[in-house]
Amino acid sequence: MISTDRVAAVELLRKGNLVALPTETVYGLAADALNSIAVARIFEAKERPRFDPLIVHLPNRGWLERIVDVPAGDRQLIGKLAEKFWPGPLTIVFPKCEIVPDIVTAGLDTVAVRISAHRAFAEILGELDQPLAAPSANRFGRISPTTAGHVLDELDGRIPLIVDAGPTEHGIESTIVAIRDGRIAVLRHGPITNEQLSQFAVTSVVATPRISSPGQLPSHYAPETALRLIDNAEAFFPRKNQRVGLLAWHARTGDLQLADRRTRDRRSLRFAAVRSLSQRQDLREAAANLFRLVRELDALDLDLIVAERVPSLGLGAAIMDRLERASKAA
Ligand code: TXA
Ligand code: MG
């Protein structure tokens, strides 16, 4: 059921039930992180393999040291990152304390932690005063939901409540980092960019994180329709009778009358559907629209989706990461 009832959400969570909640990145599927049975329900509802660890969301920074061991040598750097980016879309991996159940971390001795800036999420978590485990609220391997309607498409009948607070702000999942010996290792690109992080320490991008987990698998974030990356739609011509959808970066909708240049016939449109990531070529807007537009194209029963590459700078790195994984699924 989709609702805005925060009191019901707190009640359900307290009793060990699942609730889908909005965060500033994507919608999450939340359960009491310290209740193994509640957390097991997340894996069931998502059909998620048990070797894929979850992110724990804290009510406030006071909870940090109850859940994790902050390494002494990195305390200062972690303090600075927390000061700057929490609450917000940054997840930090720490050595875990005993009280975090193994099912949350898939048996790892580390746990991924963040504090969400979303108002509804923070309010519910504050009222509950208990950490919440919350992966993205999609079935395993599929695109993360950025609206309550997407969550319903993914999990209808499997969870008692979806708290609706409109579309999420960032539209892509949080940046995940591990701090080691004064350096920042980026495990997943996200809204907090490498450029922002490198103001605090030397950063490195871990192409294949040591912890192999489905979120980092090449074929994650998959639409059902095959997706191919291209540089520019101008140079792309579908085969005859091939129904192709375009996820555009360069092309403006105005230019996308897209008559077939070979036939010069303005009635024969090159693309069966066109969605523009951002008419203004704004990467923030593109990230916020990305998953919704891929879902829209995926619902049109096309033969192929082609997506124009975006510049791999700043937020563009996180967008390209998602597009590359989607393109490897076919
Ligand atoms: O923005 C987000 O991070 C959203 C919202 C709901 O908070 N959550 C999210 O969770 O994207 P999920 O489960 O879809 O992705 C979490 C990823 C996993 O793919 C896993 O690779 C990584 O976090 N992860 C979790 N625990 C880890 C650990 N101890 N070490 C390394 N990576 C970890
Ligand atoms: Mg996910």
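As the structure is a computational prediction, the values presented were derived from the model and not from experiment.

1. What to know about the sheet that holds strand β3 (residues 28–32)
An order of β1-β8-β2-β3-β7-β4-β6-β5-β9-β10-β11 is seen for the 11 strands of this open sheet, with the pairing classed as mixed. Bordering the open sheet on either side are β1 (2–3) and β11 (203–205), each of which pairs with just one other strand. Relative to strand β6 (residues 110–114), strand β4 (residues 55–57) is paired through 3 bridges, and the arrangement is parallel. Residue H57 lies in a different strand from β6, and its bridge partner there is R114. Contacts from helix α2 (residues 36–46) reach β3 and β7 (132–133), with the element oriented near 155 degrees to β3.

2. Things to note about the environment of P167
Along the chain, P167 turns up in the loop between β8 (161–163) and β9 (175–180). Discounting chain neighbours no more than four positions away, the residues touching P167 are T146 and T147.

3. Comments concerning the pairing of β3
Counting buried positions along β3 gives 5 out of 5 residues, so the element sits mostly inside the fold. Direction of pairing for strand β2 (residues 19–21) relative to β3: antiparallel, over a ladder of 3 bridges. Bridge assignment links A20 to a residue of β3, and that residue is L29. From the end of β2 to the start of β3, which pair antiparallel, there are 6 residues.

4. Here's the deal with the packing of aromatic side chains
The description of an aromatic ring pair uses the distance of the two centres, along with the angle that the planes make with each other. Counting across every chain of the model gives 2 aromatic pairs. Residues F85 and F200 carry aromatic rings whose centres are separated by 5.7 Å and whose planes lie at 65 degrees to one another, so their mutual orientation is edge-to-face. With F85 in helix α4 (residues 75–85) and F200 in the loop between α8 (194–197) and β11, the pair connects residues that are 115 residues apart, well separated along the chain. Across the ring face of W63, the terminal group of R66 is positioned such that the distance to the ring centre comes to 3.7 Å.

Rules of the game
Residues numbered from 1 in each chain as written. Chains lettered and ligands numbered in written order. Predicted model: local features only at pLDDT ≥ 70, side-chain atom pairs only at ≥ 80, totals over all residues. Heavy atoms only, no water. Pairing = 2+ DSSP bridges. Helix = DSSP H or I, 4+ residues; strand = E, 2+ residues; numbered from the N terminus. Contact = heavy atoms within 4.5 Å. Axes fitted to C-alpha atoms, helices over the stretch in contact; angles between N-to-C directions. Buried < 20%, exposed > 50% of the residue type's maximum accessible area, 1.4 Å probe, protein only. Phe/Tyr/Trp six-rings, centres within 6.5 Å; stacked < 30°, edge-to-face > 60°. Lys NZ or Arg CZ within 6 Å of the ring centre and 35° of its normal.

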